[in-house]
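# Structure at a glance
One-letter residues, chain by chain:
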Amino acid sequence: LDYAFVSMHHPAFKTDHGLNKKVCTNAYINAMKHPGVHFLGHPDDGYFPVDYKQLLSACIKYQVYPEINNASLKPDAYRTEGFKNSLEILSLCKKLELPVLLSSDSHGKEHVGDMKYIFPLLKQCHFPPELIINKNIEFFMNILGQQRRLRRPSQAMLI
């Protein structure tokens, strides 16, 4: 894979086995160290609490970008605290000037491209459009190109 998302899901991780902010934050950061990882998928899930300041600082260090997705913001979302956590992520990304990727996180054709819950959230926190990776195809391709050049795995890692 040229580009990979890293995310936490049930039942791969059980929330009753000591998952706390430190454990989840370290899991994300350790995964980001792999040169194939370029995006954090829905890091807003309250079932997997993280220290967002530490996580987003690591995103900058490892050139990994957080995803904000519509599925986490739906009233019937199966994730918890999506709105509150997405708001915190966006606020910190704005302050750090860290671009984000927007996604519908559709698991079926009926919701592909559906961003109806994301746009009001972006407006609420006055998120700058220039920090939205997939708002502009040139910006998106530039980010992907930079990552490919800067994070290319060494031959030793491919063996």
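Data block above holds the structure.
Residues numbered from 1 in each chain as written. Predicted model: local features only at pLDDT ≥ 70, side-chain atom pairs only at ≥ 80, totals over all residues. Heavy atoms only, no water.

### Some thoughts on the nonpolar core
Counting residues in each nonpolar core, the largest one holds 41 residues, and the members touching the most others are M32, L40, L55, L90, L102 and F127. Sequence-distant contacts of L55, that is, excluding residues within four places in its chain, are made with T25, Y28, I29, M32, L40, P43 and V50. (Core = buried A, V, L, I, M, F, W, Y, C linked by side-chain atoms within 4.5 Å. Buried < 20%, exposed > 50% of the residue type's maximum accessible area, 1.4 Å probe, protein only. Contact = heavy atoms within 4.5 Å.)

### As for the environment of L98
Its place among the elements puts L98 in the loop between α4 (82-96) and β4 (101-103). Apart from the residues lying within four places of it in its own chain, the contact partners of L98 are L56, C59, I60, V64, Y65, P66, C93, F127 and L131. (Helix = DSSP H or I, 4+ residues; strand = E, 2+ residues; numbered from the N terminus.)

### Here we look at the packing of helix α2 (residues 52-62) against α4
The N-to-C vectors of α2 and α4 enclose an angle of 50°; their axes lie 10 Å apart at closest approach. One way to sum up the angle between α2 and α4 is to call them oblique. Crossing of α2 over α4 shows right-handed handedness. Contacts between α2 and α4 involve Y52, K53, L56 and I60 from the former and N85, E88, I89, L92, C93 and L96 from the latter. In the contact of α2 with α4, the residues fall into seven nonpolar, one polar and two charged. (Axes fitted to C-alpha atoms, helices over the stretch in contact; angles between N-to-C directions. Parallel < 35°, antiparallel > 145°, perpendicular 65-115°, else oblique. Left-handed = near helix turned anticlockwise from the far one by under 90°. Nonpolar A, V, L, I, M, F, W, Y, C, P; charged D, E, K, R; others polar.)

### What about α4?
The end-to-end C-alpha distance of α4, which contains 15 residues, comes to 20 Å, matching closely the 21 Å that a straight helix rising 1.5 Å per residue would cover. Listed in full, the buried residues belonging to α4 are G82, N85, S86, I89, L90, L92 and C93. Taken around the axis of α4, the buried residues stretch over an arc of 170°, which confines them to a single face. Where α4 is buried, its residues contact α2, β3 (65-69), α3 (70-73) and α5 (118-124). E97 sits one or two residues past α4 and shows a positive phi near 55°. (Expected span 1.5 Å × (residues − 1). Arc of directions from axis to C-beta.)

### Focus on the packing of aromatic side chains
Under the definition given, this model contains two aromatic pairs. Each ring, one from F5 and one from F39, has its centre 5.0 Å from the other, and the planes form 25°; the classification is stacked. A residue pair is termed long-range when its members are at least 10 positions apart, and F5 in strand β1 (residues 4-6) and F39 in strand β2 (residues 37-40) qualify at 34 residues. Note on F39 and Y65: the rings are 6.4 Å apart at their centroids and 45° apart in plane angle, and the pair reads as tilted. With F39 in strand β2 and Y65 in strand β3, this residue pair connects regions lying 26 residues apart in the sequence. Taken as a pair, F39 and Y65 share a single burial class, namely buried. (Phe/Tyr/Trp six-rings, centres within 6.5 Å; stacked < 30°, edge-to-face > 60°.)

### With respect to the sheet that holds β4
Picture the strands of a sheet paired through backbone hydrogen bonds; they go either parallel or antiparallel. Taken together, four strands build an open sheet; the order of strands is β1-β2-β3-β4 and the sheet is parallel. Edge positions in the sheet fall to β1 and β4, since each of these pairs with one other strand and no more. On average, each strand axis in the sheet is tilted by 35° relative to the strand beside it, whichever way the strands run. Relative to β2, β1 runs parallel, the two being bridged by three bridges. Its bridge partner being in β2, A4 is matched across the sheet by V37. Here helix α1 (residues 21-32) sits on the sheet and contacts β1 and β2; the angle it forms with β2, its principal contact strand, is near 150°. (Pairing = 2+ DSSP bridges.)

### Overview of the side chain of N69
Positionally, N69 belongs in strand β3. A distance of 3.3 Å separates a polar atom in the side chain of N69 from a polar atom in the side chain of E67. At 3.4 Å, the side chain of N69 and the side chain of R79 are in polar contact. Aside from chain neighbours lying at most four places away, what touches N69 is H42, R79, S103, D105 and I118. (Polar contact = N/O pair within 3.5 Å; in protein donor to acceptor, adjacent residues only side chain to side chain.)

Everything listed here is a matter of geometry and, on its own, says nothing about what the molecule does.
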